[in-house]
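Commentary on secondary and tertiary structure
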Amino acid sequence: MTVGVLLPVHGFAPFLAEAIDAVLAQDPAPDVVVVVDDGSPVPVALHPDHLAAGVRRVRRATAGGPAAARDTGLRALDPAVTFVALCDADDTWEPGALAAHLRAHAASPGAGWSFGRSRVVGVDGRPTGERWDEPAPGRHDAAALGRALHAANPVPTSSVVLRREALAAVGGFAAPVRVAEDWELWLRLCAAGHDALCVPDAVVRYRRHPGGLTADVAALARAQLEVRERHVALAAGPDTVARARAADLAALADGLARAGDPRAARAAWARVARERPLTARERARRLALALPGVRARVGRGPAY
């Protein structure tokens, strides 16, 4: 098995060196690490130690988002690379993560991809206490996993290792959305019949910080609405589709309030109300958006 790691980055990247260090410290180490500078205004420079270790930098002339950056990195990998591992510039792999993936793929060679689990940390690297859903260890049938993933995405991007031929079969990383592009890829893999392996020993430190793409709550909610609609055939049924759509619309309403657009936020809450009854808290938030002295404070807390 030969492994190439793709690590996209755009702009100021205070955690990049830590991410690369953790990748290079794996035993066994990956065969190649490609850092993709996604059109940063000031080109991203690698530390001399990373250059000496063989880390490559590929630069895009213009920013295209994480999916476009990963596709650029994929084209830079040698054809002999059989597995493509993902790591974002603000996350870090725990020791033994890559070895756990490789053992799992060796034991289940027909699986198209694998994923691990997250330990959510803040800017300071300390655990936030947030817990993600954790699918059962082992192999997951593509159809069953697709139903679960359409409802919610518990897969940390930086914990994913893809069999290259499976990735090629679903069109690579190119996605119709700029955020939630990773989740859209998981759904494509499931729709194409590629089973996945949940590898609980492959742990990633997933970092929450204000500069992360998912900190834009409204943009993420819009992307989730589009992704679910594109892959509605995977859903367990109309009831689960309606519940998920209502949750995304509620997130959109909060995101629009956070962005200072109370009129659009009220419209989003009205759409939620057409899907299901609002909770008492949601009714209060919707009402607050109509009160000039109150609405400026709605949704102004931290995104996480």
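Everything that follows concerns the structure shown earlier in this document.
Because the structure is predicted, anything quoted here is derived from the model rather than measured.

Cut-offs used in this document
- Here, residues in each chain are numbered from 1, in the same order as that chain's written sequence.
- Predicted model: local features are reported for residues with pLDDT of at least 70 only, side-chain atom pairs are reported and counted for 80 or more only, and whole-chain, interface and lining totals are derived from all residues.
- For side-chain calculations, the full set of non-hydrogen atoms in the structure is used, while hydrogens and water are omitted.
- Numbering goes from the N terminus for both helices and strands, where a helix is a DSSP run of H or I of at least four residues and a strand is a run of E of at least two.
- For the radius of gyration, the atom set is restricted to C-alpha positions; the globular benchmark scales as 2.2 Å times the number of residues to the power 0.38.
- Per-residue accessibility, obtained with a 1.4 Å probe over protein chains only, is compared with the maximum for each type, and a residue is labelled buried under 20%, exposed over 50%, and partly exposed between these values.
- Contact criterion: two residues are considered in contact whenever any of their non-hydrogen atoms come within 4.5 Å of each other.
- Only the protein chains shown count as cover for residues, with accessible areas throughout obtained via the Shrake-Rupley method and a probe of 1.4 Å.
- In this count, Lys and Arg are taken as positive residues and Asp and Glu as negative ones, while His and the chain termini are left out.
- In this description, the location of a charge corresponds to atom NZ of lysine, CZ of arginine, CG of aspartate or CD of glutamate.
- Here the expected length of a helix is defined as 1.5 Å per residue gap, with one fewer gap than residues.
- To define a nonpolar core, start from buried Ala, Val, Leu, Ile, Met, Phe, Trp, Tyr and Cys residues and group those joined through side-chain atoms within 4.5 Å.
- Lines are fitted to the C-alpha atoms to define the axes, a helix being fitted only along its stretch in contact, and any angle between axes, read from their N-to-C directions, falls within 0 to 180 degrees.
- Here is the rule for angles: anything less than 35 degrees is roughly parallel, anything more than 145 is roughly antiparallel, 65 through 115 is roughly perpendicular, and the remaining ranges are oblique.
- Helix crossings fall into two classes, left-handed where the near helix is turned counterclockwise from the far one by less than a right angle and right-handed where it is turned clockwise.
- Note that Gly is not counted as nonpolar here; it falls among the polar residues with everything else outside the nonpolar set of Ala, Val, Leu, Ile, Met, Phe, Trp, Tyr, Cys and Pro and the charged set of Asp, Glu, Lys and Arg.
- Nitrogen and oxygen atoms within 3.5 Å of one another constitute a polar contact, given that in protein one can donate a hydrogen and the other can accept it, and given that sequence-neighbouring residues count only through two side-chain atoms.

1. Concerning the overall build of the chain
If you tally the helices and strands in the chain, you get 12 helices and 9 strands. Over its C-alpha trace the chain gives a radius of gyration of 20 Å, about what one expects of a compact globule, namely 19 Å for 304 residues. Counting only C-alpha atoms and orienting by the principal axes, one finds that the chain spans roughly 60 × 45 × 35 Å. Buried positions account for 53% of the 304 residues belonging to the chain. Across the chain, every contact between residues at least 6 apart in sequence was considered, and the portion connecting residues at least 24 apart equals 75%. Roughly 13,800 Å² of accessible area belongs to the chain as shown, and the carbon and sulfur atoms make up 55% of that amount. Averaged over its 38 positive side-chain charges, the chain has a centre that lies 8 Å from the centre of its 33 negative ones.

2. Overview of helix α8 (residues 217-230)
For α8, which comprises 14 residues, the first-to-last C-alpha distance of 20 Å matches the rise-based estimate of 20 Å (1.5 Å per residue) to within 8%. Restricting attention to buried positions, one finds in α8 the residues V217, A218, L220, A221, A223, Q224, L225, V227 and R228.

3. Digging into the nonpolar core
In terms of nonpolar packing, the biggest core is built from 39 residues, with W113, L149, L162, F173 and W186 touching the most fellow members. Ranked by the residues each element gives to this core, the list is headed by helix α7 (residues 181-191), at 6 residues. With 29 residues, the next largest nonpolar core counts V9, F83, A85 and C87 among its residues.

4. Comments concerning unusual backbone geometry
With the exception of glycine, most residues fall at negative phi, and the peptide bonds are largely trans. With omega at 5 degrees, the peptide bond leading from D27 into P28 counts as cis. Considering the arrangement of structural elements, one finds P28 in the loop between α1 (16-24) and β2 (32-38). For A180, which is not glycine, the phi dihedral falls at a positive 65 degrees. As for its placement among the helices and strands, A180 is situated in the loop between α6 (164-169) and α7. Residue A180 is classed as buried on the basis of its relative accessible area, which comes to 8%.

5. Notes on the packing of helix α10 (residues 262-275) against helix α11 (residues 280-288)
Across the interface, α10 lies against α11 with an axial gap of 9 Å and an inter-helix angle of 150 degrees. Between α10 and α11, the crossing angle belongs to the class labelled roughly antiparallel. Where α10 crosses over α11, the two elements pack in a sense that is left-handed. Taking contact as the criterion, the partners of R266, W269, A270 and A273 in α10 are, on α11, E282, R285 and R286. Residue composition of the contact of α10 with α11, grouped by class: 3 nonpolar, no polar and 4 charged.

6. Thoughts on the side chain of E181
Tracing the backbone shows E181 in helix α7. A distance of 3.0 Å separates polar atoms of two side chains, one belonging to E181 and the other to R70. If we ignore the near neighbours within four places in the chain, the residues touching E181 are P66, A67, R70 and A175.

7. What to know about the environment of A136
Relative to the assigned elements, A136 resides in the loop between β6 (113-121) and β7 (138-140). Its relative accessible area of 44% is what places A136 among the partly exposed residues. In this structure the C-alpha to C-alpha distance between A136 and G116, which are 20 residues apart in sequence, comes to 11 Å. A136 has contacts with R117 and C198, leaving out every residue within four places of it along the chain.

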